[in-house]
Amino acid sequence: SSSLLQRKVRSDPWEGVMVESFEGWNSWLEDAYLLCTPEDPECLKHHYITRTEKDEPQYTVDEEISMMNEQITKSEGFDIDFSLFRCLFNYHLVDPDDYDFLEDETTETNGDFMKRLSQESLKRYNDECGTKFEFHEVVKANFHGSVGYMFLITFQVFDPSDDQEKTFQARIRYTTHYPTEFVFCRPKPNPEVDSDETSKEDVKG
């Protein structure tokens, strides 16, 4: 279990504060901020930080911050190549085999939890849109703190209308203090299409 990760998220200064006083706050895209530099041994405790000082090219901390923000902006936080970074940021990659998010005693792994959230998000999408997409598998999940956890889950579905697999994305806020918020679920946007246009296709939870 990633103790620093949990400590950083749960020490959110907004914890327990009703920040939902304006509409759409949970859809805001959070910028990257630095938690640890490579000199901090805590960085080595995270499964997705694999880059070392021997890997080329070598990036400065400022360059890594810029690169991270570029990837966050381009993909809305869903597609981050963590292999490029030695620093630890507020965006993290979920370890499907660990137990980080559910506080009560459970046998449900992070991977099981992401699957359950994805399935519920897809069910809401199908109910709203009158579609019959079938959940297949979680591809990956990123997250950051957001008075709890904001999950950015990428998963595969099966489309019975054309017998094809398709990629979906779901943005979900989870906290032990309030009901889970299914912020949106959508087919993964085409990178050639402007994000303002694809945002119109998002189905709110």
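Sequence order sets the numbering: in each chain, residues are counted from 1 along the sequence as written. Thresholds applied to this predicted model are a pLDDT of at least 70 for local features of residues and 80 or more for the giving and counting of side-chain atom pairs; totals over whole chains, interfaces and linings are not thresholded and use all residues. Working from all heavy atoms in the structure, the side-chain values ignore hydrogens and water.

### Quick notes on the nonpolar core
The tendency in soluble globular proteins is for nonpolar side chains to be buried side by side.
Point 1. Put simply, buried Ala, Val, Leu, Ile, Met, Phe, Trp, Tyr and Cys residues joined by side-chain atoms within 4.5 Å make one nonpolar core. Note on exposure labels: buried denotes an accessible area under 20% of the residue type's maximum, exposed denotes more than 50%, and partly exposed covers the range between, all computed with a 1.4 Å probe on protein chains only. Of all hydrophobic cores here, the largest spans 23 residues; its most connected members are Met114, Phe151 and Phe155.
Point 2. The next biggest cluster of nonpolar side chains, apart from the first, holds 21 residues, and it includes Met67, Met68, Phe82 and Leu152.

### So, the pattern of salt bridges
Point 1. When a carboxyl oxygen of Asp or Glu is within 4 Å of a side-chain nitrogen of Lys or Arg, the pair counts as a salt bridge. Summed over all chains, the structure comprises eleven salt bridges.
Point 2. Among the charged side chains, a salt-bridge network with shared partners connects Asp79, Lys140 and Lys188.

### Side note on the sheet that holds strand β4 (residues 134–145)
In sheet architecture, strand pairing relies on hydrogen bonds along the backbone and comes in two forms, parallel and antiparallel.
Point 1. Two strands form a pair only when DSSP identifies at least two bridges running between them. Numbering goes from the N terminus for both helices and strands, where a helix is a DSSP run of H or I of at least four residues and a strand is a run of E of at least two. Pairing in this open sheet of five strands is antiparallel, and the strands run β3-β4-β5-β6-β7 from one edge to the other. Looking along the sheet, the strands with just one partner apiece sit at the ends: β3 (92–93) and β7 (181–187).
Point 2. Inspection of the sheet shows strand β5 (residues 149–159) paired to strand β6 (residues 164–174) by eleven bridges, in the antiparallel sense. When the bridges of β6 are listed, tyrosine 149 appears paired with tyrosine 174.
Point 3. We call two residues contacting when some pair of their heavy atoms lies within 4.5 Å. Orientation is described by axes fitted as lines to C-alpha atoms, over the contacting stretch for helices, and by angles from 0 to 180 degrees between their N-to-C directions. Along the sheet, helix α3 (residues 110–129) makes contact with β4, β5, β6 and β7, crossing β7 at roughly 75°.

### Description of the confidence of the model for the protein chain
Segments scoring low in pLDDT should not have their predicted coordinates read at a detailed level.
Point 1. The pLDDT score gives, residue by residue, the confidence of the prediction method on a 0 to 100 scale. Averaged over all residues, the pLDDT of the protein chain is 84; the fraction at 70 or higher stands at 79%.
Point 2. Every residue in residues 1–22 scores below 50 in pLDDT, and together they form 44 contacts with partners more than four places removed in sequence or on other chains.
Point 3. Confidence over residues 195–200 falls short of pLDDT 50; this stretch has three contacts with residues more than four positions distant or in other chains.

### Considerations on the side chain of asparagine 142
Point 1. With respect to the element layout, asparagine 142 can be found in strand β4.
Point 2. A distance of 2.9 Å separates a polar atom in the side chain of asparagine 142 from the backbone oxygen of glycine 77.
Point 3. Under this definition, polar contacts are N or O atom pairs within 3.5 Å; protein pairs additionally need one hydrogen-donor-capable and one acceptor-capable atom, and for neighbouring residues in sequence, both atoms have to be side-chain atoms. Polar side-chain contacts of asparagine 142 include one of 3.1 Å to the backbone oxygen of phenylalanine 78.

### Some thoughts on α3
Point 1. Under the 1.5 Å per step criterion, the end-to-end length of α3 is 28 Å for 20 residues, consistent within 8% with the ideal 28 Å.
Point 2. For α3, every residue scored as buried is listed here: Asn110, Phe113, Met114, Leu117, Ser118, Ser121, Leu122, Tyr125 and Asn126.
Point 3. If you follow the buried residues of α3, they end up packed against β4, β5, β6 and β7.
Point 4. Positive backbone phi, approximately 70°, marks glycine 130, located one or two places after α3. By this rule, a helix spans an expected 1.5 Å times one less than how many residues it contains.

### Brief notes about the state of the cysteines
Point 1. The criterion for a disulfide is a pair of cysteine sulfur atoms lying within 2.5 Å. Tallying each qualifying case throughout the model produces zero disulfides.
Point 2. No disulfide involves cysteine 36; its sulfur sits 4.7 Å from the nearest other cysteine sulfur, which is in cysteine 43.
Point 3. With relative accessibility at 5%, the residue cysteine 36 sits in the buried group.
Point 4. Cysteine 129 carries a free sulfur, and the closest cysteine sulfur to it, the one in cysteine 185, is 8.4 Å from it.
Point 5. Residue cysteine 129 is classed as partly exposed on the basis of its relative accessible area of 35%.

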